[in-house]
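Each chain, written out:
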2 protein chains.
Amino acid sequence: MKKLKEKNISIKEIATLCNVSVATVSRVINDNGRFSEKTRRKVMDIIKQYDYKINMVAKSLRTNKSQSIGVLVPNINNEFFSSVVLEIESYFFPKGYSVFICNTNGDENREKEYLKDLRLKGVDGLIYISGMKSLPDDYLKRKIPMVCIDRQLDINSDIVIVESDNRAGGFLATQELIQKGCKNILILKSCKESSSSRARFCGYKDAFAAANLPVKENLILNINITVEGAKNAVTHLIEKDIEFDGIFACNDWAAIGSLIALKESKIKVPGQVKIVGFDNISISQYSYPAVTTINQDKKRLGQEASEALLNLIDGNCIVNSHVILPVTLVKRETT
Amino acid sequence: MKKLKEKNISIKEIATLCNVSVATVSRVINDNGRFSEKTRRKVMDIIKQYDYKINMVAKSLRTNKSQSIGVLVPNINNEFFSSVVLEIESYFFPKGYSVFICNTNGDENREKEYLKDLRLKGVDGLIYISGMKSLPDDYLKRKIPMVCIDRQLDINSDIVIVESDNRAGGFLATQELIQKGCKNILILKSCKESSSSRARFCGYKDAFAAANLPVKENLILNINITVEGAKNAVTHLIEKDIEFDGIFACNDWAAIGSLIALKESKIKVPGQVKIVGFDNISISQYSYPAVTTINQDKKRLGQEASEALLNLIDGNCIVNSHVILPVTLVKRETT
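Student: Is there a simple way to think about the interface of chain B and chain A in this case?
Tutor: Reports of interface size often rely on the accessible area that becomes lost once the parts have come together. The interface of chain B with chain A comprises 46 residues on the first partner and 45 residues on the second. For the pairing of chain B and chain A, the buried interface totals around 3900 Å² over both sides, and the portion due to carbon and sulfur atoms is 59%. Taken together, the connections running from chain B to chain A amount to two salt bridges. Between A:R110 and B:E89 there is a salt bridge, with its nearest N and O atoms 2.4 Å apart. On the surface where chain B and chain A come into contact, there are 13 residue pairs in polar contact (both at pLDDT 80 or more). Elements that contribute at least two residues to the side of chain B that touches chain A include exactly α5 (79-92), β2 (98-103), α6 (108-120), α7 (137-141), α11 (252-264) and α12 (282-286) of chain B. Looking at the side of chain B that touches chain A residue by residue, the classes come out as 20 nonpolar, 13 polar and 13 charged.

Student: Would you explain the relation of the copies chain B and chain A in this entry?
Tutor: Related by rotation about an axis and a shift along that axis, the two copies of the chain form a pair. Between the two copies, chain B and chain A, the superposition gives an RMSD of 0.4 Å; the rotation angle is 179° and the shift along the axis is 0.1 Å. Such a combination of rotation and displacement between the chain copies is what one expects of a two-fold axis. When the interface residues of chain B are mapped onto chain A, 96% of them again fall at the interface, so both copies present the same face.

Student: Just to check I follow, could you spell out the packing of aromatic side chains for this structure?
Tutor: The geometry of an aromatic ring pair is captured by the separation of the ring centres together with the interplanar angle, meaning the angle of the planes. All told, the structure shown has 18 aromatic pairs over all chains when counted by the stated rule. When the centroid spacing of 5.3 Å and the interplanar angle of 70° are considered together, the rings of B:Y91 and B:F92 count as edge-to-face. Here B:Y91 falls in the buried class, since its relative accessible area comes to 15%. For B:F92, a relative accessible area of 0% corresponds to the buried category. An aromatic cluster is defined as three or more aromatic residues linked by ring pairs; in this entry it consists of A:F93, A:F100, A:Y114, B:F93, B:F100 and B:Y114.

Student: Is there a simple way to explain the environment of A:T334 in this structure?
Tutor: Residues and elements named next belong to chain A. Mapped onto the secondary structure, T334 falls in the segment after β12 (328-330). A C-alpha to C-alpha distance of 14 Å links T334 and N251, two positions 83 residues apart in sequence. Every residue in contact with T334, bar those within four places of it in the chain, is listed here: V269, P270, V273, K274, I275, P289, A290, V291 and T292. Within the structure, T334 has its side chain in polar contact with the backbone nitrogen of T292 (distance 2.9 Å).

Student: Would you explain the pairing of strand β8 (residues 246-249) of chain B in this entry?
Tutor: On a regular strand, each side chain points to the face opposite its neighbour's, so the side chains alternate between the two faces of the sheet. Residue and element names in this part refer to chain B. Burial of the side chains of β8 extends over both faces: G246 and F248 are buried on one face and I247 and A249 on the other. Where strand β6 (residues 185-190) meets β8, four bridges bridge the pair, whose relative direction is parallel. Each residue of the ladder has a partner; that of L188, found in β8, is A249. Inspection of the sheet shows β8 paired to strand β9 (residues 274-276) by three bridges, in the parallel sense. Pairing of F248 across the sheet is with V276, part of β9. Crossover β8 to β9 through α11 is right-handed.

Student: Explain the packing of helix α10 (residues 227-239) of chain A against helix α11 (residues 252-264) of chain A to me, please; I cannot follow it from the model alone.
Tutor: Axis angle and axis distance: for two packed helices, these are the angle between their axes and the distance between the axes, and together they describe the pair. Residues and elements named next belong to chain A. Relative to each other, α10 and α11 sit at 40°, their axes nearing to 7 Å. Overall, the two elements α10 and α11 adopt an arrangement that is oblique. For the pair α10 and α11, the crossing hand works out as right-handed. Contacts from V227, A230, K231, V234, T235 and I238 of α10 reach α11 at W253, A254, I256, G257, S258, I260, A261, L262 and E264. Grouping the amino acids of the contact of α10 with α11 by side-chain chemistry returns 10 nonpolar, three polar and two charged.

Student: When you look at α10(A) in this model, what are you seeing that I'm missing?
Tutor: Residues separated by three or four positions in an α-helix point in the same direction, a consequence of the helix having 3.6 residues per turn. With 13 residues, α10(A) extends 18 Å from end C-alpha to end C-alpha; this agrees with the ideal 18 Å at 1.5 Å per step. Every buried residue of α10(A) is listed here: A:V227, A:G229, A:A230, A:K231, A:A233, A:V234, A:L237 and A:I238. Packing partners of the buried residues in α10(A) comprise β6 (185-190), β7 (220-223), β8 (246-249) and α11 of chain A together with α12 of chain B.

Student: Would you take a moment to explain the sheet that holds β8(A) for this structure?
Tutor: All names here are of chain A. Strand order in the open sheet formed by four strands is β7-β6-β8-β9, and the pairing between neighbours is parallel. A single partner strand is all that each edge strand has here, and the edge strands are β7 and β9 (274-276). Between one strand axis and the next, the sheet turns by 20° as a mean value, whatever way the strands run. Most of the contacts of helix α8 (residues 166-179) go to β8, to which it runs at about 165°, and overall it touches β6, β8 and β9.

Student: It is not clear to me how the state of the cysteines should be interpreted in this structure. Could you clarify?
Tutor: A covalent bond between the sulfur atoms of two cysteines is referred to as a disulfide. Taken as a whole and assessed by the stated rule, the structure comprises zero disulfides over all chains. There is no disulfide at A:C191, and the cysteine sulfur nearest it, in A:C250, is 12 Å away.

Student: Please clarify how the pattern of salt bridges should be interpreted in this entry.
Tutor: Where charged atoms from two side chains of opposite charge come close, those side chains can pair. Residue and element names in this part refer to chain A. Applying the stated criterion to the full structure yields 20 salt bridges over all chains. Among the salt bridges present, the one from R41 reaches E37, with a minimum N-O distance of 3.6 Å. A residue pair is termed a helical-turn pair when its members lie 3 or 4 positions apart in one helix, as R41 and E37 do in helix α3 (residues 37-49) at four residues. Among the residues examined, E37 registers a relative accessible area of 41% and is labelled partly exposed.

Student: Is there a simple way to explain helix α5 (residues 79-92) of chain A in this structure?
Tutor: Between its terminal C-alpha atoms α5(A) stretches 20 Å, which fits the 20 Å expected from 14 residues at 1.5 Å a residue. Among the 14 residues in α5(A), 13 count as buried, and that is most of the element.

Student: Even after reading the chapter, I still don't get the packing of helix α1 (residues 11-18) of chain A against α3(A), so can you show me in this structure?
Tutor: All names here are of chain A. Remark: α1 packs on α3, axes separated minimally by 10 Å, with the N-to-C direction vectors making an angle of 125°. On the basis of their axis angle, the class for α1 and α3 is oblique. Here the hand of the crossing between α1 and α3 comes out right-handed. Here I14, L17 and C18 of α1 lie close against α3, whose contacting residues are K42, V43, I46 and I47.

Student: Please explain the pairing of β2(B) as it appears in this structure.
Tutor: Residue and element names in this part refer to chain B. Across the six residues that make up β2, a large majority, six, are buried. Across the two faces of β2 the burial is the same, with S98, F100 and C102 and V99, I101 and N103 all buried. Summarising the sheet, strand β1 (residues 68-73) and β2 pair through six bridges and their orientation is parallel. From the neighbouring strand, V73 faces β2, where its bridge partner is N103. The parallel pair β1 and β2, bridged by α5, forms a crossover whose chirality is right-handed.

Criteria and cut-off values
- Along every chain, residues carry numbers that run from 1 in the direction the sequence is written.
- Written order decides the labels, with chains lettered from A and ligands numbered from 1.
- Confidence filtering applies because this is a predicted model: local features only for residues at pLDDT of at least 70, side-chain atom pairs given and counted only at 80 or more, and all residues used for totals across whole chains, interfaces and linings.
- Hydrogens and water are ignored here; the side-chain numbers use all heavy atoms of the structure.
- Two residues qualify as a contact provided that any one of their heavy atoms is within 4.5 Å of a heavy atom in the partner residue.
- Defined here as a combined quantity, buried area equals the accessible surface (1.4 Å probe) lost by two parts on assembly, summed across both.
- Any Lys or Arg side-chain nitrogen located within 4 Å of an Asp or Glu carboxyl oxygen qualifies as a salt bridge.
- For the purposes of these results, a polar contact is taken to be a pair of N or O atoms within 3.5 Å, where, inside protein, one atom must be able to donate a hydrogen and its partner to accept one; residues adjacent in sequence count only when each atom of the pair is a side-chain atom.
- Strands here are runs of E lasting at least two residues and helices are runs of H or I lasting at least four, both read from the DSSP assignment and numbered beginning at the N terminus.
- Amino acids are sorted into nonpolar (Ala, Val, Leu, Ile, Met, Phe, Trp, Tyr, Cys and Pro), charged (Asp, Glu, Lys and Arg) and polar (every other residue, Gly among them).
- Copies are brought into register by a least-squares superposition over C-alpha atoms of residues with pLDDT of at least 70 in both.
- Note on aromatic pairs: the rings of Phe, Tyr and Trp (six-membered ring only in Trp) are paired at centre separations within 6.5 Å, and the planes decide the class, stacked below 30 degrees, edge-to-face beyond 60, tilted for the rest.
- Relative accessible area decides the class of each residue, using a 1.4 Å probe on protein chains only: under 20% of the type maximum gives buried, over 50% gives exposed, and in between gives partly exposed.
- Between any two strands, at least two bridges found by DSSP are needed for them to pair.
- By definition, the crossover connecting two strands over a helix is right-handed if that path, from the first strand to the second, turns clockwise as seen with the strands pointing away from the viewer.
- Note on definitions: angles span 0 to 180 degrees between N-to-C directions of axes, and those axes are lines fitted to C-alpha atoms, for helices only across the stretch in contact.
- An angle below 35 degrees is read as roughly parallel, one above 145 as roughly antiparallel, one from 65 to 115 as roughly perpendicular, and any other as oblique.
- Left-handed describes a crossing in which the near helix is turned anticlockwise from the far one by less than a right angle; the clockwise case is right-handed.
- By this rule the span expected of a helix is its residue count minus one, scaled by 1.5 Å.
- Cysteine sulfur atoms are paired as a disulfide whenever they come within 2.5 Å of each other.

Below you can see the structure in the form of structure tokens.
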């Protein structure tokens, strides 16, 4: 028997080697329909011998899919995003899918280019972590299954959205600061508009309303939500002698930046100023003092989005097209 | 004049619209050969009017490439790797290339699958950050341009390698501990064999040799090089009463894990035990105490690898097929 190279094997060749029809091989692989135990064993032996990828083949037989998906992510260098992406990869790879990750830098132009290119490469579906509000015409013309994580698009339509309960998170963070006695609570939020940022801000205002306190306009800061961005913003406030005793940083990196600025000005945390972050990435756990933060369930965000996308790809019904996952307050040393 | 949609425009259509030959359009786009200023302006006007991607077209005219590359990375959730990948993206995207990132989990099977799939998707080249020692047969049969970062393959051949001077890094880290008075220096290195791990270990031994000190076998630990892995290993040593006063952790995550284990056992850092990490990622900077570490130049690693790959794709000569980048000791609070 001629030894076949893996990449050259086809269903047809297996059929020839087994002396059965292509339809029979397909039935055995899919375990669907009638065939004898002898035939089954014969087909499976050949498959095993040639290290045949059953899942791949069965799938492509049934669905004619490329067995790959694309993930658009704004910044894989932020552990929050990379953790979610890792979950997506862990979900899809064992199911025979390749996962192609594209870093968009939160830039609309890049998002569009990558959307186009992923489609050209024939991916079966997309998971889209993005702040972009509208979808490129190109996409809308030729729809492929898509799920959004963390941020929703304004064009609502039938796109599945999986996100954390950002509003509850904003509320919990601000409530913690209020309960610990803070009167002037700064919010550091992204200057880039996104639904998650908006929701966290709503939660911040909810907490003030619940405590019958007014929101102070000069303590609402739209910044580049990075270590540097937050450090500069907080340093600037200190220099301008603006009074604050609490900081709600809309991500953990901004919480770290605030910490550095306060340390440099010899302001004690949590003695003089308290801080709550958002995301619960490693940096908040291992910093000093360790940062109180809002935990986003990165594992479930990745899994729920993956499951929804797989359902869309397989043409199954989507029960819930807007999944909102609960968040929790993780108390550490900055409050 | 009929308005053409961007995706349908071809060189031929531009030529028709300008009433010149395809060769002339090509010469104008590539700025190569003879054409009048009038012709140049005519062609450029049409190109501008239709938002034509000059780079893309010029490239594909010359080379017939897909304008995309693949990056294989063991763990994008480790900031060292994600920083390097981000540099690669920043290098290639403005040059008209899409970058498809695949997370291999350091798993040989995944690496092989992704290598195959990236090739099937027709990428023009690969950047390969991996511990895998041999390349799949598949790859060797149909070579495409490839550059390895950080770790080298045993099959040396003509593959370009870009890496940090890991041996010098291991030396500097260990020398720092010796100079600060450590006598029993633990090394926490990955249980997965890789050239970078081997080189760091050589540097560790070099430093002992230079100081005329013996290497102690029971202080060489091959671990799962994560926070948890290091924490468990160090806790185990403490419980077994094995004496050590210095730790060279082969990455910063392991340094953090060591710190936690020591804190839990109320052992003072750097008072009783000193620590040096490797990589210089954010976590080492913001932990408490901040971790002394070896800086790898992530920006240059990404850039040098990208430049080499682009040269290979363009068929240019590679001057240096083994780029070794210098490392530096970053002194912080754990030594």
